[in-house]
Amino acid sequence: LECAARLLSTLAAHQDAQMAVAWAGAIPLLVELLKHDAGKVRVEAAKALWILASGNHDNQTTIAQLGAAKHLVPLLSGGARDGKEPTLCLLTALAGSDKLNQDNITRAGAIQPLVDLLEDVELRQLAANALRSLSEEHADNQSAIGTAQGAVPQFVKFLLDSNPGTREAAASNLLGLVSLGNAKNMAAIAR
């Protein structure tokens, strides 16, 4: 199954084949593979879904409607390190597409594991991107992220990071947490 998932991600990486892979029914199969016992199968399924979701709203909607979020969140806190990057990218793509997807990802319990990944130097920017996508134009998620343990202090600390990408991700997230006038987030940032 790992090879099958890898084949689907390889095929989906080619623009011409991407729609054919989706139309052939690969998305439900890949979402189902996110539940597989073998970590490598889950990682390859996440990679393939990320590729299929990238820039394709129809595929994002299908992936979200099939309940992928609840199977992706465990890959953030457990599982292989190589599975976290495609999982973060897929969650970012799904969250950026619409409010319903943002709600599903939040209900699946993604916020605290995403905040926890801010501590990982290699995954920090990807986790920040996912959090930013979840908070975009979503007052409830802005509140949830603002009150998540460690989120605001981490972002404030990252404003002084030597990496310009990390500083930009932090500023973008802090702006996102207050963009709809969230007074509690504003007060937490000001502390």
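K.L.:
What exactly am I supposed to notice about the side chain of Arg-124 here?
P.N.:
Mapping Arg-124 onto the fold places it in helix α10 (residues 124-135). Not counting residues up to four positions away in its chain, the partners in contact with Arg-124 are Leu-117, Leu-118, Glu-119, Phe-158, Asp-161 and Thr-166.

K.L.:
Looking at this structure, how should I read unusual backbone geometry?
P.N.:
Peptide bonds are mostly trans, and most non-glycine residues show a negative phi. For Glu-137, which is not glycine, the phi torsion reads 55 degrees and is therefore positive. Mapping Glu-137 onto the fold places it in the loop between α10 and α11 (139-147).

K.L.:
How do you make sense of the nonpolar core when you look at a structure like this?
P.N.:
One recurring pattern in soluble globular proteins: nonpolar side chains tend to sit buried together. One finds Leu-30, Leu-72 and Phe-155 to be the most contacted residues of the largest nonpolar core, which totals 55 residues. In terms of residues, this core owes the most to one element, helix α4 (residues 39-53), which gives seven residues. With near-sequence residues (within four places) excluded, Leu-72 lies in contact with Leu-34, Ala-46, Thr-87, Leu-90, Leu-91 and Leu-94.

K.L.:
I would appreciate a short explanation of the packing of helix α13 (residues 164-178) against helix α14 (residues 183-190) in the present structure.
P.N.:
Two measures define how a pair of helices packs: the angle their axes make with one another and the distance between the axes. In contact at an axis separation of 8 Å, α13 and α14 are set at 140 degrees when each is read in the N-to-C sense. It follows that α13 is oblique to α14 by the angle criterion. From α13, Leu-174, Leu-177 and Val-178 reach across to α14, where they touch Asn-185, Met-186 and Ile-189. Of the residues in the contact of α13 with α14, the class split is five nonpolar, one polar and no charged.

K.L.:
For this particular structure, what's the right way to read the packing of helix α5 (residues 57-65) against helix α7 (residues 81-95)?
P.N.:
α7 packs onto α5 with a crossing angle of 105 degrees between their chain directions and a minimal axis gap of 9 Å. As the angle between them shows, α5 and α7 are arranged roughly perpendicular. Only Leu-90, Ala-93 and Leu-94 of α7 make contact with α5, whose side of the interface consists of Gln-60, Ile-63 and Ala-64.

K.L.:
Is there a simple way to think about the environment of His-71 in this case?
P.N.:
Mapping His-71 onto the fold places it in helix α6 (residues 68-77). For the pair His-71 and Leu-34, spaced 37 residues apart in sequence, the C-alpha to C-alpha distance is 5.9 Å. Residues within four places of His-71 in sequence aside, it is in contact with Val-31, Leu-34 and Lys-35.

K.L.:
How should I be thinking about the pattern of salt bridges in this particular structure?
P.N.:
A side chain with one charge can pair with a side chain of the opposite charge if their charged atoms come near. Throughout the structure, instances matching the rule amount to six salt bridges. Taken together, the shared-partner salt bridges connect Arg-81, Asp-120 and Glu-122 into one network.

K.L.:
Is there a simple way to explain the environment of Leu-175 in this structure?
P.N.:
Tracing the backbone through its elements, the reader meets Leu-175 in helix α13. We classify Leu-175 as exposed; its relative accessible area is 53%. A sequence separation of ten residues divides Leu-175 from Asn-185, and the C-alpha atoms of the two residues are 9.9 Å apart.

K.L.:
Got a minute to help me understand helix α3 (residues 26-33) in this structure?
P.N.:
Residues spaced three or four apart along an α-helix point in a common direction, a consequence of the helix completing one turn every 3.6 residues. Three or more residues of α3 are buried, namely Ala-26, Ile-27, Leu-30, Val-31 and Leu-33. Buried residues along α3 cover an arc of 155 degrees about the axis, so they all sit on one side. Close packing links the buried residues of α3 with α1 (2-12), α2 (15-23), α4, α5 and α6.

K.L.:
Please explain α7 as it appears in this structure.
P.N.:
Taking 1.5 Å per residue, 15 residues should reach 21 Å; α7 reaches 22 Å between its end C-alpha atoms and fits that length. For α7, the buried fraction is high: twelve of the 15 residues fall into the buried class. Every buried residue of α7 is listed here: Gly-83, Lys-84, Pro-86, Thr-87, Leu-88, Cys-89, Leu-90, Leu-91, Thr-92, Ala-93, Leu-94 and Ala-95. The secondary structure elements touched by the buried residues of α7 are α4, α5, α6, α8 (99-107), α9 (111-116) and α10.

What counts, and where the lines are drawn
- Residues numbered from 1 in each chain as written.
- Predicted model: local features only at pLDDT ≥ 70, side-chain atom pairs only at ≥ 80, totals over all residues.
- Heavy atoms only, no water.
- Helix = DSSP H or I, 4+ residues; strand = E, 2+ residues; numbered from the N terminus.
- Contact = heavy atoms within 4.5 Å.
- Core = buried A, V, L, I, M, F, W, Y, C linked by side-chain atoms within 4.5 Å.
- Buried < 20%, exposed > 50% of the residue type's maximum accessible area, 1.4 Å probe, protein only.
- Axes fitted to C-alpha atoms, helices over the stretch in contact; angles between N-to-C directions.
- Parallel < 35°, antiparallel > 145°, perpendicular 65-115°, else oblique.
- Nonpolar A, V, L, I, M, F, W, Y, C, P; charged D, E, K, R; others polar.
- Salt bridge = Lys/Arg side-chain N within 4 Å of Asp/Glu carboxyl O.
- Arc of directions from axis to C-beta.
- Expected span 1.5 Å × (residues − 1).

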